[in-house]
Amino acid sequence: MEDSEAKFRNLIRQAPVGIVIFKGEDLVIEVANDIYLGIVGRTRKEIINKKYTEAMPDLEGSAVVEKLLTVYRTGTSHRFTEIPVMFSRKGKKVIKYFNSVYQPLVENKTITGVIAVVNEVTEQYLAKQVKEKKDEQLKTILETMPHITYHTDACGNVKYYNQRYAEYTGQSIEEAKEGAWKDAIHPDMLEDVQKCWENAMEKGEEYINSFLLKRGYDNTYRWHIARTVPLRDETGTITEWVGTLTDIHEQKIFAQKLEAMVYERTQELNFANLVLERKNMELEQTNKEMESFSYIASHDLQEPLRKIRTFINMIVEKGTGNLDLYLSKIDSSAERMSQLINAVLIYSRLSSGPAYNEHVDLNAVLKQVLIDFELVIEEKNVTIKSGQLPSLNANPLQMSQLFSNLIGNSIKYCKNKPQIIITAKEILGYEIPGYNGSNTGQKYAELRFSDNGIGFEEQHSGQIFKLFQRLHGKTEYSGTGIGLSICKKIVDQHNGFIMAESVPGEGATFVVYLPLG
């Protein structure tokens, strides 16, 4: 907590814009960086730990104080653009213009204050006042401004760039006027910049947009904000446009860091309350895990044990003519049974923590599962087709359990000659229906298990993954109702997704998404 607080205050101190933190209903100034002190013309001693209206008596009753209180009382952020503020200093009154953002400061789910980000834009504001100037006067003013400036006709065709544009982009003024300005804008943003500009011209409104502009000498892109205002004649018709480009790269990066820092600080302050809630959820999940573990221990051992009993009965009934083959099958099943027992013990430990993962070839997993189902496949005349499956980082036991449960489920809920088709392909996160992950570019393996079984109503597609949920009576179909909930648990532990698609009487498809790489 102390480390986070120190980082937070250090970030405020280094910010390229003014930062001030107000606490409580009285808006007591708790923190202010040097840039803010310079903006308001006060020393730290004059304002820290004082009410805002005491430190800035000129602002009492102003829109600034009103909006700060509104943010504190409602928790709703507010943004000012080019708001005029009058300051008194040493008997003189000065008006400055500011862009400000006020955000609630939340601690332990309670609003305790307001954090304000303040950026002086007096120069930008005064630049807009050139609307009534003549063309030559306009060029003179634009050339002396500290920003990149430009001047277009009513249709948006560039008539003029000041020298600062050439110095920054490395383009000549003539090249820029002929369209080379497009090369200076980041290619991913060019279409949006043009659409916004066309929209502003169509509506006759001020154009404001931020984008990345390439610096000529090192070919790096930096954030700039463009402001373009229309100039009108006495009839109100737009005759030309005047604009500025201002470098806001440091402010933009800082704003992103500040947002992340405020979020981190708020999350840490709320952590104590979340711990109890999380512990309760973990206890509930542990109870479910115990139930699942009991099922795994019994269910997975049934197949090899059944094979052992079958081949022993075959020896008894048919004699020792194929004794070596039968003994080999029994030994293989016993070995598989031993592996399962050891693996289940590992699974029981892993269920309370992260899965132990390694490189797993899903083709090998499927091959072993089909060996376990060998007798069932023969008895029910099951057809299983599979394309090439991927390899990924996963828990081998859990992948085996996942395949076993999904294939077993398809066989169980098919009345005649079950047919199962398994396919795989690579997709990106944003292609997953209802994707709620943060990395939309994450690669996933999409595994589809399709069958020709009895299917189910689409409205039950979420219910079937809940613990002990059954759509059919025990007398109609055997099972405990936990198999698919185990599948979901396994997929969840691998940071994946599972869902089901079905039409009654036309089979079902279970779709599993597992992250790759």
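Reference entry: report on the structure contained in this document. What you are looking at is a predicted structure, and each value in this text was computed from that prediction instead of being measured.

## Here's the deal with the overall build of the protein chain
So, step 1. Secondary structure summary: the protein chain contains 16 helices and 17 strands in total.
So, step 2. In the protein chain, which comprises 517 residues, the share counted as buried stands at 43%.
So, step 3. The long-range share in the protein chain, meaning contacts at least 24 apart out of those at least 6 apart in sequence, stands at 57%.
So, step 4. For the protein chain, the exposed area adds up to about 28,000 Å²; of that, 50% sits on carbon and sulfur atoms.

## Quick notes on the pattern of salt bridges
Pairs can form between side chains of opposite charge whenever their charged atoms are close.
So, step 1. Under the definition given, this model contains 14 salt bridges.
So, step 2. Across the salt bridge formed by Lys 159 and Glu 240, the nearest N and O atoms sit 3.6 Å from each other. Residue Lys 159 is found in strand β7 (residues 158-161), and its partner Glu 240 is found in strand β10 (residues 238-247); the two are separated by 81 residues along the sequence.
So, step 3. The partly exposed category is assigned to Lys 159, whose relative accessible area is 36%.
So, step 4. Among the residues examined, Glu 240 registers a relative accessible area of 14% and is labelled buried.

## With respect to the packing of aromatic side chains
So, step 1. Within the structure shown, the criterion is met by eight aromatic pairs.
So, step 2. One aromatic cluster is present, formed by Tyr 150, Tyr 161 and Tyr 165 through successive ring pairs.
So, step 3. Looking at Lys 252, its charged tip hangs above the ring of Trp 223, at a distance of 4.4 Å from the centre.

## Let's talk about the environment of Ile 498
So, step 1. Position of Ile 498 relative to the elements: it lies in strand β16 (residues 497-502).
So, step 2. In sequence terms Ile 498 and Leu 447 are 51 residues apart; their C-alpha atoms lie 9.5 Å from each other.
So, step 3. Each residue touching Ile 498, except ones within four places of it in the same chain, is listed here: Phe 465, Cys 487, Lys 488, Val 491, Val 511 and Val 512.

## A closer look at the packing of helix α13 (residues 362-372) against helix α15 (residues 396-412)
So, step 1. The interhelical angle for the contact between α13 and α15, taken along N-to-C directions, is 55°, at an axis separation of 9 Å. Judged on the interaxial angle alone, α15 and α13 are oblique. Our pair here, α13 against α15, has a crossing hand that is right-handed. Contacts between α13 and α15 involve Leu 362, Val 365, Leu 366, Val 369 and Leu 370 from the former and Met 399, Ser 400, Phe 403, Ser 404 and Ile 407 from the latter.
So, step 2. Residue composition of the contact of α13 with α15, grouped by class: eight nonpolar, two polar and no charged.

## Overview of helix α10 (residues 187-203)
So, step 1. Given a rise of 1.5 Å per residue, 17 residues ought to cover 24 Å, and the 25 Å separating the end C-alpha atoms of α10 matches this to within 8%.
So, step 2. Buried within α10 we find Leu 190, Val 193, Trp 197 and Ala 200. Each buried residue of α10 sits inside an arc of 100° when the element is viewed along its axis, so together they form one side. The exposed set on the far side of α10, more than 90 degrees from its buried face, consists of Asp 188, Glu 191, Lys 195, Glu 202 and Lys 203.
So, step 3. Structurally, α10 contributes buried residues whose contacts are with β6 (148-153), α9 (173-184), β8 (207-215), β9 (220-232) and β10.
So, step 4. Positioned one or two residues after α10, Gly 204 has a phi angle of 70°, which is positive.

## Re unusual backbone geometry
So, step 1. Its identity as a non-glycine residue notwithstanding, Leu 27 has a phi of 55°, on the positive side.
So, step 2. Classification of Leu 27 as buried rests on a relative accessible area of 3%.
So, step 3. Positive phi values are uncommon outside glycine, yet Asn 108 reaches one of about 55°.
So, step 4. Tracing the backbone through its elements, the reader meets Asn 108 in the loop between β4 (92-107) and β5 (110-120).

## A look at the nonpolar core
So, step 1. Leu 362, Met 399, Leu 402, Phe 403, Leu 406, Phe 510 and Val 512 are the most contacted members of the largest nonpolar core, which has 38 residues in total.
So, step 2. Among the elements that make up this core, the one with the highest residue count is α15 (six residues).
So, step 3. Apart from residues lying up to four places away in sequence, Val 512 is in contact with Leu 402, Leu 406, Ala 445, Glu 446, Leu 447, Phe 449, Val 491, Phe 497 and Ile 498.
So, step 4. Residues Ala 32, Leu 37, Ile 47 and Val 114 belong to the second largest nonpolar core, which totals 30 residues.

## Examining the sheet that holds β6
So, step 1. Reading across from one edge, β7-β6-β10-β9-β8 is the order of the five strands in this open sheet, with antiparallel pairing throughout. The open sheet has two free edges, formed respectively by β7 and β8, since each of these has just one partner strand. Between one strand and the next, the sheet's axes are offset by a mean angle of 25°, whatever the strand orientation.
So, step 2. Summarising the sheet, β6 and β10 pair through six bridges and their orientation is antiparallel.

## Some details on the environment of His 78
So, step 1. Position of His 78 among the secondary structure elements: in strand β3 (residues 78-89).
So, step 2. Sequence separation between His 78 and Lys 67 is 11 residues, and the spatial gap between their C-alpha atoms is 7.2 Å.
So, step 3. Those residues in contact with His 78 that sit more than four places away from it in its chain are Lys 67, Val 71, Ser 100, Val 101 and Tyr 102.

## Thoughts on α13
Residues that lie three or four places apart on an α-helix share one face, since the helix turns once every 3.6 residues.
So, step 1. All of the buried residues in α13 are Leu 362, Val 365, Leu 366, Val 369 and Asp 372. The buried residues of α13 occupy an angular sector of 115° when projected down its axis, which confines them to one face.

## As for the pairing of β9
So, step 1. Counting buried positions along β9 gives 10 out of 13 residues, so the element sits mostly inside the fold.
So, step 2. Pairing of β8 with β9 involves nine bridges; the strand directions are antiparallel. Among the inter-strand pairings, Ser 210 is bridged to a residue of β9, identified as Ile 225.
So, step 3. The turn linking β8 back onto β9 is made up of four residues, and Asn 219 within it adopts a positive phi angle of 55°.
So, step 4. With nine bridges connecting them, β9 and β10 associate as antiparallel partners. Bridging from a neighbouring strand, Thr 228 pairs with Gly 243 of β10.
So, step 5. Hairpin geometry of β9 and β10 is characterised by an intervening segment of five residues between the two adjacent antiparallel strands and by a positive phi of about 90° at Gly 236.

Cut-off values and rules
Residues numbered from 1 in each chain as written. Predicted model: local features only at pLDDT ≥ 70, side-chain atom pairs only at ≥ 80, totals over all residues. Heavy atoms only, no water. Helix = DSSP H or I, 4+ residues; strand = E, 2+ residues; numbered from the N terminus. Buried < 20%, exposed > 50% of the residue type's maximum accessible area, 1.4 Å probe, protein only. Contact = heavy atoms within 4.5 Å. Areas by Shrake-Rupley, 256 points an atom, 1.4 Å probe, with all protein chains shown as cover. Salt bridge = Lys/Arg side-chain N within 4 Å of Asp/Glu carboxyl O. Phe/Tyr/Trp six-rings, centres within 6.5 Å; stacked < 30°, edge-to-face > 60°. Lys NZ or Arg CZ within 6 Å of the ring centre and 35° of its normal. Axes fitted to C-alpha atoms, helices over the stretch in contact; angles between N-to-C directions. Parallel < 35°, antiparallel > 145°, perpendicular 65-115°, else oblique. Left-handed = near helix turned anticlockwise from the far one by under 90°. Nonpolar A, V, L, I, M, F, W, Y, C, P; charged D, E, K, R; others polar. Expected span 1.5 Å × (residues − 1). Arc of directions from axis to C-beta. Core = buried A, V, L, I, M, F, W, Y, C linked by side-chain atoms within 4.5 Å. Pairing = 2+ DSSP bridges.

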